[in-house]
Amino acid sequence: MKLTVSRRAVTTSIAAAFLVGGLATAAPASAAGSYSCGNWKMKVNTWSASCKVKSGQARAVTDCSNGKTIYGKWVGRGQWRFGGDCGKYFIVAHTTQGRG
């Protein structure tokens, strides 16, 4: 799935829902700047995506079941691997953020 971002100032966080026999997730939405992400991968405590930042900056944000929020480093133009790791805790939400 490929997610293309337009220059908007809205950030959406997608919550992960646990179902019997697996984990159901939706692709996170992003905001501001111009970038796209694909090749989304999700496990119970980690997630990753390949992202291309065309302008502005972008980063990953991960919310863990222990209440901790992990913010990735802001990165500029180029091809990047975004993701988050909650260690022994599970992911309750994950998203990407952009800024102009």
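These remarks concern the structure in this document. (Residues numbered from 1 in each chain as written. Predicted model: local features only at pLDDT ≥ 70, side-chain atom pairs only at ≥ 80, totals over all residues. Heavy atoms only, no water.)

Looking at the nonpolar core
Of all hydrophobic cores here, the largest spans 13 residues; its most connected members are Trp47 and Phe82. Mapped by element, the contributors of at least two residues to this core are β5 (34-42), β6 (46-55) and β7 (57-64). Top element by residues in this core is β6. It accounts for four residues. Discounting residues that sit within four places of it in the chain, Phe82 has contacts with Trp47, Ser48, Ala49, Cys51, Ala58, Arg59, Ala60, Val75 and Thr96. (Core = buried A, V, L, I, M, F, W, Y, C linked by side-chain atoms within 4.5 Å. Buried < 20%, exposed > 50% of the residue type's maximum accessible area, 1.4 Å probe, protein only. Helix = DSSP H or I, 4+ residues; strand = E, 2+ residues; numbered from the N terminus. Contact = heavy atoms within 4.5 Å.)

Side note on the side chain of Thr62
Counting through the fold element by element, Thr62 comes out in strand β7. On the basis of relative accessibility, which here comes to 0%, the residue Thr62 falls in the buried class. In this structure the side chain of Thr62 is engaged in a polar contact, spanning 2.7 Å, whose partner is the side chain of Trp47. (Polar contact = N/O pair within 3.5 Å; in protein donor to acceptor, adjacent residues only side chain to side chain.)

Section: the state of the cysteines
What is meant by a disulfide is a covalent connection between two cysteines, made through their sulfur atoms. In the structure shown here, the tally under the stated rule is two disulfides. In this model Cys37 forms its disulfide with Cys51; the gap between the sulfur atoms is 2.1 Å. Looking along the S-S bond of the Cys37-Cys51 disulfide, the torsion reads about 110°, which is the right-handed sense. With Cys37 in strand β5 and Cys51 in strand β6, this residue pair connects regions lying 14 residues apart in the sequence. With relative accessibility at 0%, the residue Cys51 sits in the buried group. (Disulfide = S-S within 2.5 Å.)

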